Structure formats: C-alpha cells, structure tokens
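Each chain is listed here by its residues.
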Amino acid sequence: LHHDYIRVMKDCYCDDCRAEFQTQFGKSLTEATSDEWQTWHQQAVGDIVRRVAEGARQVRPEAIMSAAVFSSMARGGRQGQDSPGWAREGWVDLVIPMDYAMQTLSVRAHEREFLTALDDDDQLVTGLALHQKGSDGASARPPELVKEQIEQVRRMGIRGYCLFVGGFLNDEIIAVLRDDLNAEPAVPYFR
C-alpha cells in the first residue's frame, strides 16, 4: 500500500482544531510556534500512517507499506511528515522522496539526508522525475539526465528508484532503461 504524498497541505483553524490544540499545548492555536505546528501536524499525519499500517497488516501481514514524501525533510516535517520515524516504528517499509530536481547534485544532497536519517538504507527508494517544466509546459527529460540521476542514486548505495510520471516515458528513455541501466531482469530486493 502506498501513501501517495501524504501531508496536511495547510494549517487548519477550525473550532475542533482550536480546541484540541488548546488542550494539548495550553495555548491558542493562533499563538502556535513553527515547532508546535510541526509537532501538531506530525501527530495527525503519523496517526493516519499508523492506523493504515496496523489495519492493513491485520488483513495482510506481508503487505509492503510505502510513502511518497517531500525531498526536503524540513519541508516535509512542516507538512506533517516524519518518514524516518514512520520507518522506525514499522509503519512504512519504504520511504520514497519525490526528488524531482533537475540538478543531480541536488538529488544527491536530498538523498544523503534520508540515508543519514533512516536506520536501514534499504528503506529508501528515490523518486525521480521523467518530466521537466518549461515555459511551454511539461516535456520529457533528456534520457541522459534520467540515466545520470539513476546512476547517482545507485552510486550512493540506494537500491531502488521510482520514476514519475509514466506519461513522459518515451522510446529514448525506455531504451536507456532497458539497454544501459536495467539489462538484467529486475527483482525487487524487498520481496
């Protein structure tokens, strides 16, 4: 089961949230610090991840749980994500940062942050983009860039990658994936 980009999206000031925050933190939600908002959001989102994992594993104990998260752990934390904590608790098996940066050095920096935070490197699968945005909209990335970023991820010891979005998978990228990067049959290491 995959939590696709699970997050809060925005701060909530409804009456229920105001009352719950007041009870937990002893002050008005309008006076919340950035750290308190992060704690508040991480509790709420973490509760969803935990309940889904517990429920799914009651029905199918061998289920693999994953989550797509921000490539920046700081930005993800403010949105309620604590993927290293979720992995430590056993709520997710795979953390997939959506590392859609055009610069391979940015991908490396983001993924290094996750490798440091996770207890088990095998819990990391890098999400890489097949598209790029320009003034005329989105188009497929050059196959050389896709290859460069996959090779960078592999050099870091990350054993898995996930490509987004399939609509931009063209013949040139398929050829690079098939002939250069994945000539051998693929078997997911986590099975």
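Whatever comes next refers back to the structure up there.
Presented here is a report on the structure given in the accompanying data block. Bear in mind the structure is a predicted one, so any value in this text is a computation, not a measurement.

1. Comments concerning the pattern of salt bridges
Under the criterion given, the structure shown has 11 salt bridges. Residue aspartate 93 is joined to arginine 57 by a salt bridge in which the shortest nitrogen-to-oxygen separation is 2.4 Å. Taken together, the positions of aspartate 93 in the loop between α4 (83-89) and β3 (94-98) and arginine 57 in helix α2 (residues 34-59) put the pair 36 residues apart, joining distant regions of the chain. With relative accessibility at 21%, the residue arginine 57 sits in the partly exposed group. One salt bridge in this structure joins lysine 147 and aspartate 180, with 3.6 Å as the shortest N-O distance.

2. Remarks on the environment of alanine 109
Inspection of the secondary structure assignment puts alanine 109 in helix α5 (residues 104-117). Owing to a relative accessible area of 46%, alanine 109 belongs among the partly exposed residues under this scheme. When the C-alpha atoms of alanine 109 and methionine 98 are compared, they prove to be 13 Å apart, with 11 residues separating the residues in sequence.

3. Some details on the side chain of glutamine 123
Structurally, the position occupied by glutamine 123 is in the loop between α5 and β4 (125-129). When near neighbours in sequence (up to four residues on either side) are disregarded, glutamine 123 contacts Ala87, Val92, Asp93, Leu94, Val95 and Leu118.

4. Examining the packing of helix α1 (residues 15-25) against α2
At a minimum axis separation of 12 Å, α1 and α2 run at an interaxial angle of 110 degrees. As summarised for this structure, α1 and α2 are arranged roughly perpendicular, according to the angle between their axes. Every pair of crossing elements has a handedness; the one defined by α1 and α2 is right-handed. When α1 is examined against α2, the residues Cys17, Glu20, Phe21, Gln24 and Phe25 are found in contact with a partner set consisting of Glu36, Thr39, Trp40 and Gln43. For the contact of α1 with α2, the class distribution of residues is four nonpolar, three polar and two charged.

5. With respect to unusual backbone geometry
Excluding glycine, a negative phi dihedral is what most residues carry, and trans is how most peptide bonds are arranged. Omega for the bond connecting phenylalanine 164 with valine 165 falls within 30 degrees of zero, at 10 degrees, which places this linkage in the cis form. Checked against the element boundaries, valine 165 lands in the loop between β7 (160-164) and α7 (171-181). The phi dihedral of tyrosine 5 is positive, around 55 degrees, even though this residue is not glycine. Relative to the helices and strands, tyrosine 5 resides in the loop between β1 (2-3) and α1. Backbone geometry places methionine 9, a non-glycine residue, at a positive phi of 80 degrees. You can call methionine 9 exposed: its relative accessible area is 60%.

6. Side note on the nonpolar core
With 30 residues, the main nonpolar core has Val49, Trp86, Val92 and Val95 as its most contacted residues. At the level of elements, α2, β2 (66-70), α4, α5, α6 (143-155) and α7 are the ones that each hand at least two residues to this core. Formed by six residues, the second largest nonpolar core is a distinct cluster that contains Cys17, Ala32, Trp37 and Trp40.

7. Overview of the packing of aromatic side chains
Taken as a whole, this structure holds seven aromatic pairs when the rule is applied. Ring centres 4.3 Å apart and planes at 25 degrees place the aromatic pair phenylalanine 21 and phenylalanine 25 in the stacked group. In this pair, phenylalanine 21 and phenylalanine 25 both sit in helix α1, four residues apart, roughly one turn of the helix. Residue phenylalanine 21 is classed as buried on the basis of its relative accessible area, which comes to 0%. Of the aromatic side chains, those joined through ring pairs into one cluster are Tyr13, Phe21, Phe25, Trp37 and Trp40. For arginine 7, the ring lying beneath its charged end belongs to tyrosine 5, and the centroid distance is 3.7 Å.

Reading guide: rules and limits
Residues numbered from 1 in each chain as written. Predicted model: local features only at pLDDT ≥ 70, side-chain atom pairs only at ≥ 80, totals over all residues. Heavy atoms only, no water. Salt bridge = Lys/Arg side-chain N within 4 Å of Asp/Glu carboxyl O. Helix = DSSP H or I, 4+ residues; strand = E, 2+ residues; numbered from the N terminus. Buried < 20%, exposed > 50% of the residue type's maximum accessible area, 1.4 Å probe, protein only. Contact = heavy atoms within 4.5 Å. Axes fitted to C-alpha atoms, helices over the stretch in contact; angles between N-to-C directions. Parallel < 35°, antiparallel > 145°, perpendicular 65-115°, else oblique. Left-handed = near helix turned anticlockwise from the far one by under 90°. Nonpolar A, V, L, I, M, F, W, Y, C, P; charged D, E, K, R; others polar. Core = buried A, V, L, I, M, F, W, Y, C linked by side-chain atoms within 4.5 Å. Phe/Tyr/Trp six-rings, centres within 6.5 Å; stacked < 30°, edge-to-face > 60°. Lys NZ or Arg CZ within 6 Å of the ring centre and 35° of its normal.

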